[in-house]
Structure formats: structure tokens, C-alpha cells
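# Examination of the molecular architecture
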Amino acid sequence: MTRRARTMTVTWSEANARRLDRQFLPDGASPATGGGDAVAGAVAAMLGAHAQVLSAAELSVGLRAAGVTRTDVRTSLWTGRTLVKTFGPRGTVHLLPAADLPMWTGALSAVPAGTGPFSRDARMTPEQVEAVLAAVADALTGAELTIDELSEEVVARTGPWAGDPVMPTFQGMWPRWRQVLHLAGHRGALRYAPNRGRKATYTNPGVVPLPAPEATASLVRRYLRAYGPATPDHFARWLAAPRGWAGRLFEELAGAGTIERVDFEDCGAAWVVAGDTLFPSAPPRGVRLLPYFDAFAIASRPRERLYPGAAYERAPAGGQAGNFPVLLVDGAVAGVWHQRRSGKRIAVTVEPLTAATLDGPALRELEGQVERLGEVMEGVPALTVGQVDVGGHA
């Protein structure tokens, strides 16, 4: 049963329930049953699956799409090509629907660039940035190159300055040009290609970005349908965009009648897509496991409501959501979990925050989630309820 929000006032429970519905999380229902359409549909609903750790992205998708396994996700990515692995929101590696790539590249290209975390001596001039981006696009057209091969081509096309080792990393220093690798993805000049052995490779997808006004408007609508009601600040944090730019964008869309204001509990003025004001009347129910950097755990705000009480101290390692896989009970984070794989066996340890978190029915639902995890990851899972003794992102 649904209803129109009371005098355009939306409670946290209503917003949370609708977000879960639109993420296919309440009952694991998918936009289609099995196959590439279900995979791309689930990724589109999330607005991208964080894929710095590909297995986490595979699990995010599989837990939302009935019958989908990690093999289905990989097939959609490398064979069916309904997915693309590239740099998405926040400059991090994501799986995105191939059909949405013009929108994504048009919108991400429109986000104003900051100075970045690099020292003055390491930075590039705007002209150097454009030269590197053009070199990346040219080098990857019709080719699949490793990062070292791409580096040689970029330096050959631009000059020795691009190869200066000025970017500190865990294993030494990267060449100067690498600081804009993600921008090449945002411009549509770069995406991941299949690995060559253990080495990642890149190619040019040949995508033509949508014009910025059309692309940013489309992305805001998609974001608000998935995670609204939301404020410009919520959107800016999710995208890693300047708050002022996001505020002006929302003002323009509101003036055009594309989005409309509602009053959102704990947030005050917030926004939804114009006319999109139906919310579930029942509060969220059910037990779900979400992997590292799952889109719902990252994008849903206000974060203090999703991570209530002790969950806010335990789950967002260092204040960053996503570093721990989370146990979701009735729409709120109620614990953390960890998996360790050895061959086909997957040892799953779930740490509830209170002894009452997993009563009889909740424990049975959790067992069903662990069974589904095994199906997605094509392994044999074993559940232990106990303390997770590894740190974030372990």
C-alpha cells in the first residue's frame, strides 16, 4: 500500500522503506529474472556498483537480482558488454550500465575540478591536463594497454614532464600524469578492458558524453528516485562535488519544475523528482547483508539514521561508510560481517551489535541471506555468529 506524503512531509521510515524498495532489497526481487538485463537493471537502480574490489560489486548486484551469480556479472561486463568498469562517482572504480555511459560521462565531466590532494610541485596546469587527456584518448583508441604501456604512450605524446615520479604511493612514486587517470574515465576516454594475466588493461570506449545540462539533470533525477528525498549537500557528498555547484544545480532544476521540495525529517527542506511523492506506508522489515562499499550504505542519508547508536561507532571505519560489510535489520545497520574464502568454502562471520538483534525469525532470515551469498559467489557458505576480529576493508 502506498500513499502521497502528508502535506509533502516525509519521515525517515518512509524514505528508508522507499529507498530499499527501489534497491530491490526488501525481498531480493530483481528487475528481471537472471541474465544481463537483470544485472544491468540492478546496477542502474544502485546508480553504480562500487568495484574497487570486484567481488564486492558482484555481491552487491547478486543480492539484488534473483538467480544472478558472479559469473553472470562477469559475463555482462566482459562478454555481453551491458556493463562497463570505469571511474564513477567520487572518482572511484564502479560498474555502470553501458547504456547510461553517455549520461555518466556528461555529468561527471561537468563537475568542477578541485585542486586535488597533491603538492604544488606535483600538480599540472590546465593545459597539461588537457594534453594528457587527449593523449590517453588517442593511445587507447583501438588498443588495450596496461598502465605501464599507457604511461609510455602518454609521455611520448606529451613530454617528459608527464612521467616525472611525483605522486607518492604505497609502492613508490607514480608519474605525474596518473593524477588525472580518473578524469579520462569521466570524459569517456577510458574504461577497463579484460585483465591480461593479473594486470589490468584499459581501452577507449568511444562514448560521446551527453551535453552537460542534459546529463546533470538526468543524473539528479536518477539520484533522487533512488535516494530521495535528499538535499544538495547529500548529492554533493555522494558525487564528491562542490556544495555550491550542487546547490545551484538544484536551484535551476527546481526553477524548471524538474524537482520539487518536501520537508524531510531531521533534514528540513529536501527534494524529490517532481510528482514522485508516493511512499510505502509500512516501515522497512527484513534482514540483509550488504558488502563493502554497497551503494545503499554509501548514499543513504542522513547517515546517523541509517547507522543508529552503536552502529555509527562500529561500522563506518574512520568515519567512512563502506569499509565494513554491514548487517541490515529492518532498514538499519545492526552489525558488521566478514567473509573468508578458501576454495569453495566461504566462512561468514556476522557480529550483531546486541544479543537481541538476531532473534529466532531474524536468524532464519540471516541464514537465508548467507545461503544466497553462497549462490551468488558460487561457493559453500558456513555461518558463524560472533565477533568480527578484522579491521575495516580487510
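This structure is a prediction, so every number in the text was calculated from the model and none was measured.

The rules we used
- Numbers given to residues run from 1 along each chain, matching the order in which its sequence is written.
- Given that the model is predicted, a residue must reach a pLDDT of at least 70 before its local features are reported, and side-chain atom pairs must reach 80 or more before they are shown or counted; all residues, however, enter totals for whole chains, interfaces and linings.
- Excluded from the side-chain calculation are hydrogens and water; included are all heavy atoms of the structure.
- Pairing between strands is defined by DSSP: at least two bridges between the two strands are required.
- Runs of H or I in DSSP of at least four residues are treated as helices and runs of E of at least two as strands, each being numbered from the N terminus.
- Here an axis means a line fitted to C-alpha atoms, over the contact stretch when the element is a helix, while the angle between two N-to-C directions is reported on a 0 to 180 degree scale.
- For classification purposes, angles smaller than 35 degrees are called roughly parallel, those larger than 145 roughly antiparallel, those between 65 and 115 roughly perpendicular, and all remaining angles oblique.
- By convention, the crossing between two helices is left-handed when the near helix turns anticlockwise from the far helix through less than a right angle, and right-handed when the turn is clockwise.
- Contacts: residue pairs with any heavy atoms within 4.5 Å of one another.
- Think of it in three bands: with a 1.4 Å probe and only protein chains considered, a residue is buried below 20% of the maximum accessible area for its type, exposed above 50%, and partly exposed in between.

## A closer look at the sheet that holds strand 9 (residues 191-196)
Strand pairs in the sheet, formed through backbone hydrogen bonds, run parallel or antiparallel to each other. The antiparallel open sheet is built from three strands, whose spatial order is 6-10-9. Edge positions in the sheet fall to strand 6 (145-146) and strand 9, since each has one partner strand and no second. Bridge analysis of strand 9 against strand 10 (residues 199-203) gives four bridges, and the strand direction is antiparallel. Bridging from a neighbouring strand, Arg196 pairs with Lys199 of strand 10.

## Focus: the packing of helix 3 (residues 54-62) against helix 15 (residues 360-377)
Contact pair helix 3 / helix 15: the axes reach a minimum separation of 10 Å and the direction vectors enclose 120 degrees. Judged by the angle between their axes, helix 3 and helix 15 are oblique. Handedness of the helix 3/helix 15 crossing: right-handed. Facing helix 3, whose interface residues are Ser55, Glu58, Leu59 and Gly62, helix 15 presents Arg372, Leu373, Val376 and Met377.

## Let's talk about the pairing of strand 4 (residues 83-87)
Across the five residues that make up strand 4, a large majority, five, are buried. Relative to strand 5 (residues 93-97), strand 4 runs antiparallel, the two being bridged by five bridges. Its bridge partner lying in strand 5, Thr86 is registered against His94. Following strand 4, the chain reverses through five residues before pairing antiparallel with strand 5; Arg90 in that reversal takes a positive phi of roughly 65 degrees.

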